[in-house]
Amino acid sequence: MATSSSSSASQILCASFNQDNSFFSIGTKDGFKIFEAKTGRLCYEKTLGAFSIVEMLFSSSLLALVGAGEQPSLSPRRLCLFNTATGANLRELSFLTSIVAVRFNRKRLVVLLQDKAFIYDLNKMAILDEFETVPNTKGLCAFAPNSEGCYLAIPASNTRGSVLVYDTLQLQSFCQIDAHRSPLAAIIFSSTGMYLATASEKGTIIRVHLVSQATKSYNFRRGTYSSTIYSLAFAPSLDIPDILIATSSSGSLHIFLVEAVINGSRQNKLLGSVMPDSINDAFDPANHHVVHNIVPAAVKSYVTVNRIENLPNTSPNLAFRASIYVVTQNGYFREYILQFLKLNGSTWGLEREFNVLDVTSDSC
């Protein structure tokens, strides 16, 4: 079993969910695959060589692809916009150095190099802006999927955990958030772009920032010992996200009750129960739930919240249920169901699991 996991880990180079979490993609040494998350069906695959970036635009046929450089035709300096419906390249963009990240929504395309950012109009494929950034070899960034809050977040420092928030519609810097003392390890926007979550390389504190007020933030303690935060995700929401989740190198899944803290005080609309007065500092353990050993320690993982279900009449004790998707770099997709109780307890279960490298092709 350990040999199989090691083999799988060497094949998966990247993984990501699309903007509404309905699909996820993986890049491997052999090609790339697109899965429907709800069913686990492999909808599309292409065997061309190694890919380091595979991004999907919502549920459309448009993919952004970057090769890993292991084959001459798949240069890490070339971005390919690919149509899965026709199997054809729509557009190729070449750069002087390697691409470290690509993000897009229905209006903008963002391409990051190690020390430069390029902003494009996605519909016209016209370059709108380019600017220098601090060295960002890991391609750390976040992009708001909602076109009305079209923000890009990237590191503003290599020595401290500062974030530059850039408005890709107005083509100007929006604000800088001094989030942590240590350099950043993970950042993510809420679905509306209203909130930004950050974690530093130390990984003990996760902060949620109100983007419109750069100095307003809420603190959540993950633990007292250092751990690398691999992935952050907010629950889908049109207003305040109900929860924020994180995976780390310890192999645990952390769930933070964000809405209870942001609302300030005393009542979470889903829990419907009175919370302690001390939650304003967000360190109260009632706001933090942990699921241990969801993946092997030190195996990188990508996580998202599929949905939140409010269950006021289902059980006198059950408050709400969350569906969590996790893709691991050793080759597995897992769906966990977490149930939160009105008295602040929680239960969880593994709903389904499959090896993404073993699935045969099928049409969505």
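This is a predicted model, so every value here is computed, not measured. For every chain, the first residue of the written sequence is number 1, and numbering continues from 1 onward in sequence order. With the structure being a predicted model, the display of local features is reserved for residues of pLDDT at least 70 and the display and counting of side-chain atom pairs for 80 or more, all residues being used for whole-chain, interface and lining totals. Working from all heavy atoms in the structure, the side-chain values ignore hydrogens and water.

Caption draft 1: Examining the overall build of the chain more closely. By definition, any uninterrupted DSSP run of H or I lasting at least four residues is a helix, any uninterrupted run of E lasting at least two residues is a strand, and each is numbered from the N terminus. If you tally the helices and strands in the chain, you get two helices and 28 strands. The buried share of the chain, taken over its 364 residues, is 57%. The criterion used for residue contact is that any of the two residues' heavy atoms lie within 4.5 Å. Summarising the internal contacts of the chain: among those between residues at least 6 apart in sequence, 43% fall at separations of at least 24. Relative accessibility decides the category of a residue: with a 1.4 Å probe and only protein chains considered, values under 20% of the type maximum give buried, values over 50% give exposed, and everything between is partly exposed.

Caption draft 2: Just the pattern of salt bridges, in detail. A side-chain nitrogen of Lys or Arg and a carboxyl oxygen of Asp or Glu constitute a salt bridge if their distance falls within 4 Å. Tallying each qualifying case throughout the model produces nine salt bridges. Between Arg-78 and Glu-92 there is a salt bridge, with the nearest N and O atoms lying 3.8 Å from each other. With Arg-78 in strand 7 (residues 78-83) and Glu-92 in strand 8 (residues 88-94), this pair connects stretches of sequence that are 14 residues apart. For Arg-307, the salt bridge identified is with Glu-309, shortest N-O distance 3.7 Å. The class for Arg-307 is partly exposed, based on a relative accessible area of 35%.

Caption draft 3: Highlighting the packing of aromatic side chains. When the centres of two rings from Phe, Tyr and Trp lie within 6.5 Å, Trp using its six-membered ring, the rings pair. Their planes under 30 degrees apart give stacked, over 60 give edge-to-face, and anything left gives tilted. Tallied over the entire structure, the rule returns 18 aromatic pairs. Centre to centre, the rings of Phe-320 and Phe-340 are 4.5 Å apart; their planes meet at 10 degrees, and the pair counts as stacked. Of this pair, Phe-320 sits in strand 26 (residues 318-328) while Phe-340 sits in strand 27 (residues 332-341), and the two are 20 residues apart along the sequence. As far as burial versus exposure is concerned, Phe-320 and Phe-340 are alike and both buried.

Caption draft 4: Region of interest: the sheet that holds strand 8. Only strands joined by at least two bridges in the DSSP assignment are considered to pair. The four strands are arranged 5-6-7-8 in an open sheet whose pairing can be described as antiparallel. Two strands bound the open sheet, and with one partner strand each, they are strand 5 (51-56) and strand 8. If you compare each strand with its neighbour and ignore which way they point, the axes differ by 20 degrees on average. In the sheet, strand 7 pairs with strand 8 via six bridges, with the strands oriented antiparallel. The residue bridging Leu-81 from the neighbouring strand is Arg-91, located in strand 8. Angles shown run from 0 to 180 degrees and are taken between the N-to-C directions of axes, each axis being a line fitted to C-alpha atoms and, for helices, limited to the stretch in contact.

Caption draft 5: View of the sheet that holds strand 19 (residues 205-210). With antiparallel pairing, the four strands of this open sheet are ordered in space as 17-18-19-20. In this open sheet, the two strands that pair with only one neighbour each are strand 17 (184-189) and strand 20 (217-221). On average, adjacent strands in this sheet sit at an angle of 20 degrees to one another, irrespective of strand direction.

Caption draft 6: Quick look at a positive patch on the surface. Within the patch definition used here, like charges are joined within 9 Å and nonpolar side chains (Val, Leu, Ile, Met, Phe, Trp, Tyr) within 5 Å, considering only residues with over 30% relative accessible area and no salt bridge. The method behind every accessible area is Shrake-Rupley, applied with a 1.4 Å probe, and residues are considered shielded solely by the protein chains displayed. Positive: Lys, Arg. Negative: Asp, Glu. His and the chain ends are not part of the count. For charged residues, the charge sits on one atom: NZ in Lys, CZ in Arg, CG in Asp, CD in Glu. There is a patch of like positive charges on the surface, built from Arg-160, Arg-181, Lys-202 and Arg-221. Note on placement: Arg-221 falls in strand 20. With a relative accessible area of 37%, Arg-221 lands in the partly exposed category.

Caption draft 7: The arrangement of the environment of Phe-17 in detail. Within the secondary structure, Phe-17 is located in strand 1 (residues 12-17). Phe-17 sits in the buried class, given a relative accessible area of 15%. C-alpha of Phe-17 to C-alpha of Tyr-325: the two residues are 308 residues apart in sequence and 9.3 Å apart in space.

Caption draft 8: Examining the nonpolar core more closely. Ile-243, Ile-245, Leu-253, Ile-255, Ile-324 and Leu-338 are the most contacted members of the largest nonpolar core, which has 21 residues in total. Those elements that place two or more of their residues in this core are strand 23 (253-256), strand 25 (301-310), strand 26 and strand 27. No other element matches the five residues that strand 26 contributes to this core. Residue contacts for Ile-245: discarding those within four places in its chain leaves Ser-231, Leu-232, Ala-233, Leu-253, His-254, Ile-255, Val-303, Thr-304, Val-305 and Ile-324. In this text, buried Ala, Val, Leu, Ile, Met, Phe, Trp, Tyr and Cys residues form a nonpolar core when linked through side-chain atoms within 4.5 Å. Counting 20 residues, the second largest nonpolar core, distinct from the first, contains Leu-57, Phe-104, Tyr-120 and Met-125.

Caption draft 9: Focus on the side chain of Ser-227. Note on placement: Ser-227 falls in the loop between strand 20 and strand 21 (229-234). What makes Ser-227 buried here is its relative accessible area of 6%. Within 3.5 Å is the distance limit for a polar contact, defined as a pair of N or O atoms, with the added protein rule that one can donate a hydrogen and the other accept it, and that residues adjacent in sequence qualify only through two side-chain atoms. In terms of polar contacts, Ser-227 uses its side chain to reach the side chain of Ser-248, at 3.3 Å. There is a polar contact of 3.1 Å between the side chain of Ser-227 and the side chain of Ser-249. With near-sequence residues (within four places) excluded, Ser-227 lies in contact with Glu-201, Lys-202, Gly-203, Arg-222, Ser-248, Ser-249 and Ser-250.

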